[in-house]
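A look at the structure
So the chains spell out like this:
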Amino acid sequence: MGRKVCVMGLGYIGLPTASVLASNGFEVLGVDVSQHIVDTVNHGDIHIEEPGLHTVVQAAIQSGNLRAALEPEIADVFLLAVPTPLTREKQADMTYVRRAAESIVPYLKRGNLVILESTSPPGTCRELLKPILEASGLSIGEDIYLAYCPERVLPGKILKELITNDRIIGGYDVVSAERARSLYETFVEGELFLTDATTAETVKLLENTFRDVNIALANEAALLCERLGVDFWEVARFANRHPRVNVHQAGPGVGGHCISVDPWFLVEADPEAAQLIRLARERNDAMPEHVAETVQALLKDVEQPRIAALGLAYKGNVDDIRESPALRVVELLRARGVDVAAYDPHVQGASPMQRDFADCVCGADLLLVLTDHDEYRALNPRFVAEQVRTKRLYDTRNILDRAAWKEAGFAVYVLGARLP
Ligand code: SAJ
């Protein structure tokens, strides 16, 4: 296999993958539809926040092994890492995958390997990609090779997990899988497992569904505990002392581009069979509403309350607001006429509610923790107590030290624990 790789899509997966391949000696062309992203990367800069990424991209650009462009070129391997969002009807929107595949067709030549990494419905390689790629006149399995190799990296730890995670390699046929293995084994330290493409597509969906269903169970248990008058966090902590129990964290909901989306692809594949999966999705999607209602209940004695929302990103220490439950809570409250100011040190100017910290908490009647950023854990309750109007705290992530905040005069409420 030759050493030139064309990575289609320079987002959260494509850019780290392109730069890791480049730092392993491949000649990499990163392709994106956005001129801004192409320019940013060519300057050795990045358009997303991810620990360590800037350094790797900068080094890859300086070495000359990585370039970015709007159009693909002839290469040995084409790696598709474009988004697969959800339509309004909760179905996989394959527009970007289709477009990326179509755009490489004119550049395909004998011996090429095409890899899809984007999370996709079962059957995508066989039913969607095969006919598009074979429009080149080249036949898959004979002239060119096709594999589905799902990315499994955790935002916030992408560069480490790209190298250390095991990978599932689903070939259109055995030769395709072997070809893909020879690419991944150059930089992956985890184990590589070979299977067929449709199995690999399903594996990826099951992984994220497993997490979604478990989070839904935690969220349901938290609601139950609120009604029972016990503390979910204590219940979960003790339950997790059982050798085979791993209760997940309850919270304001599930966001991000993956876990809140992917289970729907299984529901779409077989709505009748995927009952629990759908229910879990609905349970998690209902959490922002529960948080908004609780906030209003906590403030019913305050006239024209002002809320300081801590967090807009979908989870701690990332800048991503896609499908963010924190953003949803803020929007729900604002739609009801509640005055909400938000502070998120990771999200730059992404929202009109965004303020700096002092501005956000000044005169607030409720401090509402929505995202588990480290910066919030480090807050000094005594300092914050001097800024707010009413010393009230609602922590939907259970990240703040309850005793310290109580000591500073705050009435402390935690999602999953007894509420007034
Ligand atoms: N969350 C909870 N409770 C928990 C864990 C997470 O409420 O116990 C929330 C988070 O706050 C966030 C959402 O769920 O809003 C998802 O966060 P996450 O950290 O679980 O996952 P993602 O979406 O950042 O990344 C997931 C990972 N998948 C799994 O862990 C099975 C990652 O490995 C995948 O590569 C990624 O999806 C993807 O791209 O598919």
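1. Structural notes on the side chain of E117
- Along the chain, the position of E117 falls in the loop between β5 (113-116) and α5 (124-134).
- Separated by 3.2 Å, the side chains of E117 and R167 make a polar contact.
- A distance of 2.6 Å separates polar atoms of two side chains, one belonging to E117 and the other to Y184.
- The contact partners of E117, leaving out residues within four places of it in the chain, are I13, T17, L79, L80, Y148, C149, P150, E151, R167 and Y184.

2. A word on the pairing of strand β11 (residues 366-369)
- Side chains L366 and L368 project from β11 onto one buried face, and the interleaved L367 and V369 project onto a second face that is buried too.
- Examined bridge by bridge, strand β9 (residues 306-310) and β11 share four bridges and lie parallel to one another. Following the sheet pairing, A309 is matched in β11 by L368.
- For β11 and strand β12 (residues 392-395), the ladder comprises three bridges, and the chain directions are parallel. In the strand pairing of β12, L368 is matched with Y394.

3. As for the sheet that holds strand β1 (residues 4-8)
- Read from one edge of the open sheet, eight strands run β3-β2-β1-β4-β5-β6-β7-β8, paired in mixed fashion. Of all the strands in the sheet, just β3 (66-69) and β8 (192-196) have a single pairing partner and so form its edges. For this sheet, the mean inter-axis angle between neighbouring strands, taken without regard to orientation, is 25°.
- Contacting β1, β2 (27-31), β3 and β4 (77-80), helix α1 (residues 14-23) crosses the sheet at an angle of about 170° to β1.

4. Some points on the pattern of salt bridges
- Here the structure, examined in full by the defined rule, presents 24 salt bridges.
- Close ionic contact of R278 with E282 constitutes a salt bridge, the shortest N to O distance being 3.7 Å. Taken together, the residues R278 and E282, both in helix α11 (residues 275-285) and four residues apart, mark about one turn of the helix.
- Among the ionic pairs, E331 bridges to R328, the shortest N-O distance being 3.9 Å. Pair noted here: E331 and R328 are both in helix α13 (residues 325-335), with a separation of three residues, about one helical turn.
- Within this structure, K4, E27, R67 and E73 form a network of salt bridges that share partners.

5. Notes on the sheet that holds strand β10 (residues 339-343)
- Strand order in the open sheet made by the five strands is β10-β9-β11-β12-β13, with parallel pairing throughout. Only two strands of the sheet have a single partner each, and these edge strands are β10 and β13 (411-414). Averaged over all adjacent pairs, the angle separating strand axes in this sheet is 20°, with direction ignored.
- Here α13 sits on the sheet and contacts β9, β10 and β11; the angle it forms with β10, its principal contact strand, is near 160°.

6. Some details on the site of the ligand
- Taken together, the neighbourhood of the ligand is formed by 21 residues, with E151, V153, K204, R211 and Y314 sitting nearest.
- Isolated, the ligand exposes 770 Å² of accessible area, and the fraction of that covered by the protein chains is 89%.
- Examining the composition of the shell around the ligand, we find that five residues originate from one element, helix α8 (residues 197-228), more than from any other.
- Of the residues in the shell around the ligand, the class split is eight nonpolar, five polar and eight charged.
- When residues of the shell around the ligand are assigned to domains, at least three map to each of domain 1 (4-196) and domain 2 (287-414).

7. Focus: the pairing of β4
- Burial along β4 is two-sided: the face carrying V77 and L79 and the face carrying F78 and L80 are both buried.
- As judged from the four bridges shared by β1 and β4, these two strands associate in the parallel manner. Bridge pairing in β4 links V7 to L79.
- Judged from the four bridges that link them, β4 and β5 form a sheet pairing that is parallel. Note that in β5 the partner of L80 across the bridge is L116.
- Viewed along the sheet, the connection from β4 through helix α4 (residues 95-104) into β5 turns out right-handed.

8. Quick look at the domain arrangement of the chain
- Splitting the chain by domain gives domain 1 (4-196) and domain 2 (287-414).
- Each of domain 1 and domain 2 has a C-alpha centre, and these two points are 38 Å apart.
- The interface is formed by six residues belonging to domain 1 together with eight residues belonging to domain 2.
- For the domain 1 and domain 2 pair, buried surface summed over both sides reaches about 540 Å², with 38% attributable to carbon and sulfur atoms.
- Sorting the residues of domain 1 by area buried against domain 2 places Y12, E49 and P155 first, and these three jointly supply 83% of that buried surface.
- Run the count over domain 1 and domain 2 and you get zero salt bridges.
- Linking domain 1 with domain 2 are four residue pairs in polar contact (both at pLDDT 80 or more), by the criterion used here.
- Looking at the side of domain 1 that touches domain 2 residue by residue, the classes come out as four nonpolar, one polar and one charged.

About the thresholds
- Residues numbered from 1 in each chain as written.
- Predicted model: local features only at pLDDT ≥ 70, side-chain atom pairs only at ≥ 80, totals over all residues.
- Heavy atoms only, no water.
- Helix = DSSP H or I, 4+ residues; strand = E, 2+ residues; numbered from the N terminus.
- Polar contact = N/O pair within 3.5 Å; in protein donor to acceptor, adjacent residues only side chain to side chain.
- Contact = heavy atoms within 4.5 Å.
- Buried < 20%, exposed > 50% of the residue type's maximum accessible area, 1.4 Å probe, protein only.
- Pairing = 2+ DSSP bridges.
- Axes fitted to C-alpha atoms, helices over the stretch in contact; angles between N-to-C directions.
- Salt bridge = Lys/Arg side-chain N within 4 Å of Asp/Glu carboxyl O.
- Near = heavy atom within 4 Å.
- Areas by Shrake-Rupley, 256 points an atom, 1.4 Å probe, with all protein chains shown as cover.
- Nonpolar A, V, L, I, M, F, W, Y, C, P; charged D, E, K, R; others polar.
- Domains from an automatic or database assignment.
- Right-handed = clockwise from strand over helix to strand, strands pointing away.
- Buried area = accessible area lost by both parts, 1.4 Å probe.

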